[in-house]
Amino acid sequence: IGYTNEGSLLMDSADLYLTKAGGISTTEACFKGLPMGFIDAVSGCEAHNRRFFEPLGFGFAASEDDSTTDVCMKVLFDSDKLSKTSEKMVKEFNTDPCEMIYNFFANKL
C-alpha cells in the first residue's frame, strides 16, 4: 500500500495486526481491540512495550523455536481466541488515548 491516510480504516478491517511494539501503534491497536503479533524490528528498543502487552494477552511474539508466520497463522485460525482477545482489549483499554494523555498532563499542572 505504501503511505496512506487510511490506517484507521485498515485496522478496522483487520483480524490481526502484525507490528513492531511501538508505543503509538500498540495504543491504536488496543483502542480498536485489534490483537497484535509483534515482530522484533528494533531489537531491544521496544521490548518494554512487548513485555507489557504480552502478559495481558493483547499481543504475542514468536519464540526462538517458532517462526512469526507459524505463530500468526495459528492465532488467525483460532477465531475464539481472536474474539476473546479483542473483547478483553476493548474492556480493559476503554478510554480514548488522547483523553488519557491529556488527563495525565493536566493533572501535573
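A few points on the structure. (Residues numbered from 1 in each chain as written. Predicted model: local features only at pLDDT ≥ 70, side-chain atom pairs only at ≥ 80, totals over all residues. Heavy atoms only, no water.)

A few words now on the layout of surface pockets. Taken as a whole, the second largest pocket encloses approximately 240 Å³ of empty space. In terms of lining residues, the second largest pocket is bounded by Pro35, Gly57, Phe58, Gly59, Phe60, Asp66, Val71, Lys74, Val75, Asp78, Lys81 and Thr85. Those elements giving two or more residues to the lining of the second largest pocket turn out to be β3 (59-61), α4 (68-76) and α5 (79-92). No other element matches the three residues that α4 contributes to the lining of the second largest pocket. Its residues assigned to classes, the lining of the second largest pocket comprises five nonpolar, three polar and four charged. (1 Å grid on protein atoms, 1.4 Å probe; cavity = no way out; pocket = protein on both sides within 12 Å on 5 of 7 lines; lining within 4 Å. Points joined across faces, edges and corners; volume = space filled by probe spheres on them. Helix = DSSP H or I, 4+ residues; strand = E, 2+ residues; numbered from the N terminus. Nonpolar A, V, L, I, M, F, W, Y, C, P; charged D, E, K, R; others polar.)

Here asparagine 103 is to be found in helix α6 (residues 97-106). Asparagine 103 sits in the partly exposed class, given a relative accessible area of 31%. (Buried < 20%, exposed > 50% of the residue type's maximum accessible area, 1.4 Å probe, protein only.)

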